[in-house]
Amino acid sequence: IKTRSIPSTDEEVDQSMEYLASLIRHRLNTAKTASDASDVNPSEDDNSSNPLDDNEITAYKLAKGRFTDLTTTLRGEHILENLFLPQQQQQHSSIQHPTDIRLIQHAINTLQSLLVYAMQIGVKGSEEMQKKMVRHLFRPGDVDPQLQQVSKKKGLGESVESTSTSAATTTTITSYWTPLWNSNSIRLLKYFRNSSFGIQLLATMIRKRTCQGAFDLLVEMGVWEFHEDTALLRSGFPVMFLEEESLVAREAENNTRDPDATLGLRKDLRHHKIYTIDSASTLDIDDGISVEVLDNNETSEPRHRYWVHIADVDRWAPRGSKLLEVAERRGTSLYLPTATMPMFPPNMSAGIMSLESYEDKCALSLGVELNSDGSIIPTSIVLTPSTINVDYRLTYDQVDEMLDEGVGYTEEWQIGALLSAATKRRAHRVEMGSTEGMVPFPIPKALIDSKFDEEKHNYDISLKIETTHNSGSNMTAGENEEHYDPYASPVSSSQLIVTEMMIMAGEAMGKWQSEQPMHEDVEVDGRIQLPNELKLPFRRQPAPDFKSRAQEAKQMEFLYAMNKRYPHAWYCRRFFKPASVSEEPGVHFGLGLECYVQWSSPIRRLTDLQVHAALKRYLRRRRVNAMLLKGLPIPYEITNMDLGYDISEIRKLSAGCDDATTANGCISLKEVDPIDYSSGLGIIFAVRPIQSSSTNYWMYEYIRRKVDGSKDEVMFECIVLGCVNKERNQYAIYLYELGLEHRYLSETGKLEEGRRLWLKVASVNPRLELLSFSLASRSGGIHAQSTSAPAA
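All chains use their own residue numbering, which begins from 1 and follows the written sequence. Residue-level local features of this predicted model are given only where pLDDT is at least 70; pairs of side-chain atoms are given and counted only at 80 or more, and the full residue set underlies all totals for whole chains, interfaces and linings. Heavy atoms throughout the structure, all of them, feed into the side-chain values; hydrogens and water do not.

Please provide a residue-by-residue account of the overall build of the protein chain, values included.
In terms of regular secondary structure, the protein chain is built from 24 helices and 25 strands. Buried, partly exposed and exposed residues are distinguished by accessible area as a fraction of the type maximum, computed with a 1.4 Å probe on protein chains only: under 20%, between the cut-offs, and over 50%, respectively. Split into buried and exposed, the 792 residues of the protein chain put 51% on the buried side. Computed by Shrake-Rupley with a 1.4 Å probe, the accessible areas treat only the displayed protein chains as cover when residues are assessed. Counting only carbon and sulfur atoms, one obtains 49% of the accessible surface of the protein chain, whose full area is about 36,600 Å². Where helices and strands are cited, they refer to DSSP runs of H or I of at least four residues and of E of at least two residues respectively, numbered from the N terminus.

Describe the nonpolar core, naming the residues involved and giving the relevant values.
Nonpolar cores were defined as sets of buried Ala, Val, Leu, Ile, Met, Phe, Trp, Tyr and Cys residues, with membership established by side-chain atoms within 4.5 Å. Among the nonpolar cores identified, the biggest contains 62 residues, and Ile289, Ile497, Met501, Met509, Trp512, Leu536 and Leu615 are the most heavily contacted of them. Broken down by secondary-structure element, the contributors of at least two residues to this core are strand E4 (275-278), strand E5 (287-294), strand E6 (303-311), strand E9 (360-368), helix H15 (396-404), helix H16 (413-431), helix H18 (493-515) and helix H21 (606-629). Top contributing element to this core by residue count: H18, with 10 residues. Aside from chain neighbours lying at most four places away, what touches Met501 is Ile289, Val308, Leu418, Ala421 and Ala422. Formed by 52 residues, the second largest nonpolar core is a distinct cluster that contains Ala21, Ile101, Leu115 and Leu201. Residues are treated as being in contact if the distance between any of their heavy atoms lies within 4.5 Å.

Would you mind going over the packing of helix H5 (residues 101-119) against helix H9 (residues 211-221) in detail, with residue names and values included?
Axis definition: a line fitted to C-alpha atoms, over the contacting stretch in the case of helices. Angles run 0 to 180 degrees between N-to-C directions. Relative to each other, H5 and H9 sit at 115°, their axes nearing to 8 Å. Every pair of crossing elements has a handedness; the one defined by H5 and H9 is left-handed. Here H5 contributes Leu114, Leu115, Tyr117 and Ala118 to the contact with H9, which in turn contributes Cys211, Ala214, Phe215, Leu217 and Leu218. Of the residues assigned to the contact of H5 with H9, the class counts are 9 nonpolar, no polar and no charged. When the near helix sits turned anticlockwise from the far one by under a right angle, the crossing is termed left-handed; a clockwise turn instead gives a right-handed crossing. Asp, Glu, Lys and Arg are counted as charged, while Ala, Val, Leu, Ile, Met, Phe, Trp, Tyr, Cys and Pro are counted as nonpolar; the rest, among them Gly, fall into the polar class.

Could you give an account of the packing of aromatic side chains, with specific residues and numbers?
Think of it this way: a Phe, Tyr or Trp ring, Trp meaning its six-membered ring, pairs with another when their centres are within 6.5 Å, and the plane angle makes it stacked under 30 degrees, edge-to-face over 60, tilted otherwise. One pass over the full model with this rule turns up 14 aromatic pairs. Site record: aromatic cluster; members linked through ring pairs are Phe452, Tyr459, Tyr697 and Trp698. The ring of Trp316 has Arg315 sitting right over it, with the charged end atom 3.9 Å from the ring centre. In this scheme, Lys NZ or Arg CZ marks a charge over a ring once it lies within 6 Å of the ring centre and within 35 degrees of the ring normal. Between the NZ or CZ atom of Arg574 and the centre of the ring of Tyr571, over which it lies, the distance is 3.9 Å.

Talk me through the sheet that holds strand E22 (residues 730-735); I want residue IDs and the actual numbers.
Backbone-to-backbone hydrogen bonds pair the strands of a sheet. The strands run either parallel or antiparallel. Paired strands, in this sense, are two strands between which DSSP finds at least two bridges. Strand order in the open sheet formed by 5 strands is E23-E22-E21-E24-E25, and the pairing between neighbours is antiparallel. Each edge of the open sheet carries a strand with a single partner, namely strand E23 (740-745) and strand E25 (770-775). When strand polarity is set aside, the average angle formed by the axes of neighbouring strands in this sheet is 50°. By the bridge criterion, 6 bridges tie strand E24 (residues 756-765) to E25 in an arrangement that is antiparallel. Note that in E25 the partner of Asn765 across the bridge is Leu770. Here helix H20 (residues 565-572) sits on the sheet and contacts strand E21 (715-725), E22 and E23; the angle it forms with E21, its principal contact strand, is near 40°.

Describe in detail the side chain of Glu500, supporting the description with residues and values.
Here Glu500 shows up in helix H18. Residue Glu500 is classed as buried on the basis of its relative accessible area, which comes to 0%. Beyond its immediate stretch of four places on either side in the chain, Glu500 contacts Ala422, Arg425, Arg426 and Arg429.

Lay out the pattern of salt bridges with the relevant residues and their values.
Charged atoms that come close allow side chains of opposite charge to pair. A carboxyl oxygen of Asp or Glu within 4 Å of a side-chain nitrogen of Lys or Arg is what we treat as a salt bridge. This model, assessed by the stated rule, comprises 45 salt bridges. Put simply, Glu500 and Arg429 hold a salt bridge, and the shortest N to O gap is 2.6 Å. A residue pair is termed long-range when its members are at least 10 positions apart, and Glu500 in helix H18 and Arg429 in helix H16 qualify at 71 residues. Each member of the pair, Glu500 as well as Arg429, is classed as buried. Ionic pairing is found between Lys760 and Glu713, a salt bridge with its closest N-O pair at 3.6 Å. Of this pair, Lys760 sits in strand E24 while Glu713 sits in the loop between helix H24 (681-708) and E21, and the two are 47 residues apart along the sequence.

Tell me what's going on with H18, and back it up with residues and numbers.
Here, expected helix span is obtained from the residue count minus one, scaled by 1.5 Å. Between its terminal C-alpha atoms H18 stretches 32 Å, which fits the 33 Å expected from 23 residues at 1.5 Å a residue. H18 sits mainly inside the fold: 18 of its 23 residues count as buried.

Lay out empty space enclosed by the protein with the relevant residues and their values.
Empty space among the atoms becomes apparent when a probe as large as a water molecule is rolled across them. Within this scheme a cavity is a closed region of a 1 Å grid, computed over the protein atoms alone, that accommodates a 1.4 Å probe without allowing it to escape, whereas a pocket is open but has protein on both sides within 12 Å along at least five of seven lines; lining residues each have an atom within 4 Å of a point. Grid points are joined across faces, edges and corners, and a volume is the space filled by probe spheres set on the points. By the definition in use, this model includes 4 cavities of 30 Å³ or more. Approximately 130 Å³ is the volume found for the second largest cavity. Taken together, 15 residues make up the lining of the second largest cavity; nearest its centre are Asp229, Thr230, Ser693, Tyr697 and Arg767. When contributions to the lining of the second largest cavity are tallied by element, the ones reaching two or more residues are helix H10 (230-235) and H24. In terms of residues, the lining of the second largest cavity owes the most to one element, H24, which gives 4 residues. For the lining of the second largest cavity, the per-class residue count stands at 5 nonpolar, 5 polar and 5 charged.

Which residues make up H9, and what values go with them?
Among all positions in H9, only Cys211, Gly213, Ala214, Phe215, Leu217, Leu218 and Met221 are buried. Of the surrounding secondary structure, the elements contacted by the buried residues of H9 are helix H1 (10-30), helix H3 (74-82), H5, helix H8 (196-204) and H10. The positive-phi residue at the C-terminal boundary of H9 is Gly222, with phi of around 85°.

Can you lay out unusual backbone geometry for me, pointing to particular residues and giving the numbers?
The phi dihedral of His457 falls on the positive side, at around 55°, and the residue is not glycine. If you check the backbone angles, Asp673 has positive phi at about 50° while not being a glycine. Tracing the sequence through the fold places Asp673 in the loop between strand E20 (666-667) and H24. For Asp673, a relative accessible area of 24% gives the class partly exposed.

Kindly report on a negative patch on the surface, identifying the contributing residues and their values.
A cluster of like negative charges, contributed by Asp397, Glu401, Asp404 and Glu405, occupies part of the molecular surface. According to the relative accessible area criterion, Glu401 is partly exposed, its value standing at 45%. Only residues whose relative accessible area exceeds 30% and that form no salt bridge are eligible for patches; like-charged ones are grouped when within 9 Å, while nonpolar side chains (Val, Leu, Ile, Met, Phe, Trp, Tyr) are grouped when within 5 Å. In this count, Lys and Arg are taken as positive residues and Asp and Glu as negative ones, while His and the chain termini are left out. Charge coordinates come from a single atom per side chain, which is NZ of Lys, CZ of Arg, CG of Asp or CD of Glu.

Which residues make up the pairing of E24, and what values go with them?
On a regular strand, one side chain projects to one face of the sheet and the next to the other, so that they alternate. Two elements, E21 and E24, share 5 bridges in a ladder whose sense is antiparallel. Bridge pairing links Met715 to Lys760 in E24. The loop that links E24 with its antiparallel partner E25 comprises 4 residues; one of these, Glu769, has a positive phi angle of about 55°.

Any chance you could break down the packing of H16 against H18 for me, citing the residues and the numbers?
Running from N to C, H16 and H18 cross one another at 65°; their axes reach a closest spacing of 8 Å. Every pair of crossing elements has a handedness; the one defined by H16 and H18 is left-handed. Seen from H16, the contacting residues are Ile415, Leu418, Leu419, Ala421, Ala422, Thr423, Arg425, Arg426 and Arg429; seen from H18, they are Ser493, Leu496, Ile497, Thr499, Glu500, Met501, Ile503, Met504 and Glu507. Residue composition of the contact of H16 with H18, by class: 10 nonpolar, 3 polar and 5 charged.

Explain the environment of Glu401 to me, using residue names and the numbers behind them.
If you trace the backbone, Glu401 turns up in helix H15. Considering only alpha carbons, one finds Glu401 and Ser493, 92 residues apart in sequence, at a separation of 9.8 Å.

Take a look at the structure:
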């Protein structure tokens, strides 16, 4: 094999392109089912075929692992790798194997470029906006290959300064490929979106040189599904766990190290009757709740302490561990209509970390007592690492049934007590000005679920419309027929319990932090001490500014007075200010709280896990300082990472060593691995557009199927929420049956808020995320007043 640095002539580039094109044509001509050998990962030790030459072995080995995160399925990844499979190449004698390794590398890079080009299908927004979506992929030192142009006559690798004032004076290709023949190539391809070679390949194959042309080719090859999530792929979010990541997770399961138990911090709470309440499909259960009855010497009324138990993920993915690095690559779990992509491998997130029932589990538990008005008693807050054993794994529906049948007030009285506390908490937050009070009737939203049916060989799409809240009171048709929305499920009592208990835990954590002693002293009463401060990421949201927008505020009040519920909810949003994160406590207007720290989902959110690590380090340092005051040594099992400080000098002093480093008579202590709550935020911000795009795609596909399956026009009833653009007569509408907010260009001029219309689907394209409506023929699109349809 020749190993010159890169292709150096037009002829070599063309040879590489034709080589790849021939491989793809072979795949298209022999494409079979997923069970075919060409779709599975072969064994490198398979010697059943004819002897292979060095070129064939090199091509396949170079392709291995080069298409990670360029397809959403392992099958697609294997098809791409197996294009270069020696057995396949031997069956097609017309394929000429390059004798130069550079040409094979170029072919693989070109295929990567084609995939990235196809991902751009349906992309909307400016170039700046698109770069912002992948900003988290950038690393210091990355260079835009588009700035490194070279003449094809000079070769692909002879990077030169461009001295021409006209791009048309010379034919150029970027020097992007060979220098990035490493683990960064896919990341940078997605960031810079350089697709010049992919386009050249389409030309070589006489294919449409468009994103759609590239997409269609990949679908024909079986690499991508027709419903491939291109938004997910171009985002840079890891699609699958690498083999080495899964190995790290398996090793972590056997980790017996527990510094909290070593220091005597982990409390046994297995006597608590603990419930977990989640949807039936939830696998990563990260929170449980319980009620403790306390003695009350002052009155005959029992005192209750309400406990929230959160999975102790830091026990299995501590600071500095390889498993934590796996989580840091993702930053959050990703929930899509087609699948859940956990932050940790499934054996951890749905296994040893998850609070499954009837198993001893590690948790971080917080207990709190409430005043009669639902406010927290700050001095009652208890926080401790714990061992728990969940008694009941319940679904929301099961809890609602238990309450309806009275079981939640008798045999399982704790559930009734939790509902009573949750109701008080909701009333307290509304009194403090939360959005539940400002927006008593929020606009429902659809949850889309799309699962592949093996028998139908297609996706089944289901839709459920849910309301985030209704101020804690459930509404039925019998109570108020006029404003009853038949499509939206009312908020249940079980949802109220879980929501309020988690919000309570967030407020209690902020209050607990403010009650804790902080110090930077390294010596107390002649004894060495670790500095012990606790910094937490407080979520803050300022109150709306009604004074400077008095006219708009009057309109909002008018809509409320006229009982136009959904238009009022829509109008309120324009006053809400974005939330921010700060290490200084502050008011969170939306929640109606003086302070709030999010920490209840460490299996799913990296920031929550970081909070756990900070809390436990603080508790450990406090225990270690107490031991040092008593002259006790730090247990040898405790490490620098456990405490966040280098304790080697303290150990030397404890051992009586004379070489301990001191400054001005005091020991020198260095902080280790400070926690940065902003780390990973880039990919977390990138996740939101992925979820939105995926939800839109499947919503539009749901509508498309309705249109294709009906001979008549497909109509939906909607309500006008408000005007978006007066000049264009563009309005925000809400479609009841779909639980969808959308835009509509009025064909009849001005529309009043709250007006109901029947609209038909004018056009829908899921891949391009395009959906438009026009007036339906029914009653000219105007809903007859005699109907009993919703009027929220």
